[in-house]
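Listed below are the residues making up each chain.
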Amino acid sequence: MASDLAVPDTVFDNQQQLLKKLARPGARSLSVYNAGLSAEAVQKKYGVAHIAKLASNENPLGASPQVVTALAADACFSAIYSDASSAALRDALAADTGVAAENIVIGNGSEDILHMLALAFLNPGDRVVTLIPSFGLHEIFPRMMGADVTLVGVNARQEFDVEAWENALSAPAKMLIFSNPSNPVGCMLNREGFTRIVNAAPADCVLVIDEAYFEYCENDPEYPDSLRVLAEQPRPWIVLRTFSKAYGLAGLRVGYGLASHPELVNLLDRVRTPFNINRSAQVAAVAALQDKQHVRDSIALVTALREEMAAELTALGFNVASSSANFLFFDCGCPATELAQRLLAYGVIIKPWRETGYENWIRVSIGNEQDNRQFIDSLKRILTENAA
Ligand SMILES: *Cc1c(COP(=O)(O)O)cnc(C)c1O
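About the thresholds
Along each chain, residue indices are assigned from 1 in the same order as the chain's sequence is written. Side-chain atom pairs in this predicted model are given and counted only at pLDDT of 80 or more, local residue features only at pLDDT of at least 70, and totals for whole chains, interfaces and linings cover all residues. Side-chain descriptors were evaluated using all non-hydrogen atoms of the structure, hydrogens and water having been removed beforehand. UniProt positions are given in the numbering used here, feature names are shortened, and annotations may be inferred rather than shown by experiment. The numbering of helices and of strands both runs from the N terminus, where a helix is a DSSP run of H or I of at least 4 residues and a strand a run of E of at least 2. Here the globule rule is a power law, 2.2 Å times the number of residues to the power 0.38, and the radius of gyration is based on C-alpha atoms. When accessible area is computed with a 1.4 Å probe and restricted to protein chains, residues below 20% of their type maximum are described as buried, those above 50% as exposed, and intermediate ones as partly exposed. In this description, contact between two residues means that some pair of their heavy atoms is separated by no more than 4.5 Å. Between N or O atoms, a polar contact is any pair within 3.5 Å; within protein, one atom must be a potential hydrogen donor and the other a potential acceptor, and residues adjacent in sequence are included only when both atoms are from side chains. For each residue, the test is whether any non-hydrogen atom lies within 4 Å of the molecule or strand; if one does, the residue is near. For every accessible area listed, the method is Shrake-Rupley and the probe measures 1.4 Å; residues are considered covered only by the protein chains on display. Any residue outside Ala, Val, Leu, Ile, Met, Phe, Trp, Tyr, Cys, Pro, Asp, Glu, Lys and Arg is labelled polar, Gly included; the first ten of those are nonpolar and the last four are charged. Throughout, nonpolar core names a set of buried Ala, Val, Leu, Ile, Met, Phe, Trp, Tyr and Cys residues whose side chains join them through atoms within 4.5 Å. In this document the domain limits rely on a domain assignment from an automatic tool or a database.

The protein appears in an unreviewed UniProt entry as Histidinol-phosphate aminotransferase from Rahnella aquatilis. Among the UniProt annotations of the protein, the heading Sequence similarities (unreviewed entry) holds the following wording: "Belongs to the class-II pyridoxal-phosphate-dependent aminotransferase family. Histidinol-phosphate aminotransferase subfamily." UniProt annotates the protein under Catalytic activity (unreviewed entry) with the comment "L-histidinol phosphate + 2-oxoglutarate = 3-(imidazol-4-yl)-2-oxopropyl phosphate + L-glutamate".

Structural data, given as structure tokens:
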């Protein structure tokens, strides 16, 4: 790139070695989060007319029109720093959730809060218990701090294995993290299972419940009212939610945590960057909370299309895990990265899973009708090519 500033090869190599030596072991050995491909990159490489981007669980209806209006109105204040305490958003969330504003923390995406939790609580050698297969950052951030991570599998029906969780939590643990419903499987832990896992945790364990897909099952009678269950027990806890999925604000980066105690928020305030939530994100999130109809419409569309896609995949002979979220996880019967590669040529981006034991599994987001069609039709073509 900057060829007029090119450094001699020996200097380049020496620096590389020195940097590896200087870096913390926890950072040096970390795996890089698999963030997936952008539609632009795929379009450029394969020259396909329309890209079906079904790899990041985004809302096919996009953001509410009210969000777009609010963003436009605030754009002229871009020279002014954002509110470091996100006061307006925390107040709006307090009204929405019934949790006091002083118990609410805002993150640059809920991934930012996972990062803060790791920085605030984890020492080298601390034990963290999480799920496999799982959202990569539940494992990556603890490892970054040098924590030992115990991975609890799902059962053969791709559901939470409550007994395995109880066993894993019978030994000391600093933190437990899981998403409910889970990403990538989509399985939902019911109230009884949730209560059993919470009660099995050591008394001095921080409970991190990631509800990134909360809106897709909050009306399911089986889905635990986590705030109610957690309020009755003594361990510190935090429930994470996000504007990235059902609210359609993934590009703006805003998530929140509902914490057991203001002191937990104070701790996270010490390790976060002061202006972690930009103006646009705060403004957009407040506006998004005012348009619940948009969320309801998004949920209704996505859950109906999810059942259609699940039926099509099942009819093609695939083993599809039951999902309570806006994606499906299925065994494609061959190395998923190869199938994902072939789908790219048809303009379809999905997420091949890479964790050990799940190399044949794909996670596909539920998009709009056209994008889902493009995925299923492309998959059928590939299957026909294979049979020929
Ligand atoms: C998408 C997702 C998140 C993070 O979303 P943000 O965009 O960082 O708010 C967190 N946890 C799980 C399980 C997710 O699937």
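That shown, we press on.
**Q** What exactly am I supposed to notice about the overall build of the protein here?
**A** When helices and strands are counted, the protein shows 16 helices and 13 strands. Over its C-alpha atoms the protein spans a radius of gyration of 22 Å, differing by no more than 12% from the 21 Å that the globule rule assigns to 388 residues. Taken along the three principal axes of its C-alpha coordinates, the protein extends 65 × 60 × 50 Å. Residue burial in the protein is summarised as follows: out of 388 residues, 49% are buried. Long-range pairs, those at least 24 residues apart, make up 74% of the contacts in the protein with a sequence separation of at least 6.

**Q** Can you walk me through the UniProt feature "modified residue: N6-(pyridoxal phosphate)lysine" (unreviewed entry) in the protein in this structure?
**A** Taken from the UniProt record, the annotation "modified residue: N6-(pyridoxal phosphate)lysine" (unreviewed entry) applies to Lys245. Counting through the fold element by element, lysine 245 comes out in the loop between strand 7 (237-242) and strand 8 (255-259). The buried category is assigned to lysine 245, whose relative accessible area is 14%. Those residues within four positions of lysine 245 in sequence are excluded, and the remaining contacts are Ser56, Asn57, Asn59, Ala212, Tyr213 and Tyr216. A polar contact of 3.1 Å, which involves the side chain of lysine 245, links it to the side chain of tyrosine 213.

**Q** What should I look at first to understand the site of the ligand in this one?
**A** In the region of the ligand, 13 residues are neighbours, and Asp210, Tyr213, Thr242, Ser244 and Lys245 sit closest. Between a nitrogen atom of the ligand and a side-chain N or O atom of aspartate 210, the distance comes to 2.6 Å. Take lysine 245: an N or O atom from its side chain is 3.1 Å from an oxygen atom of the ligand. In isolation the ligand exposes 390 Å². Once the protein is present, 94% of that is buried. Tallied by class, the residues present in the shell around the ligand amount to three nonpolar, six polar and four charged.

**Q** How should the nonpolar core be read in this particular structure?
**A** Note on soluble globular proteins: their nonpolar side chains tend to be buried together. Membership of the largest hydrophobic core comes to 85 residues, with the highest contact counts inside it found for Trp165, Leu176, Phe178, Phe243, Leu313 and Phe375. Mapping this core onto the domain boundaries places at least three of its residues in each of domain 1 (33-57 + 294-382) and domain 2 (65-290). Setting aside chain neighbours within four positions, we find leucine 176 in contact with Val129, Trp165, Leu169, Ile197, Ala201, Cys205, Val206, Leu207, Val208 and Ile209.

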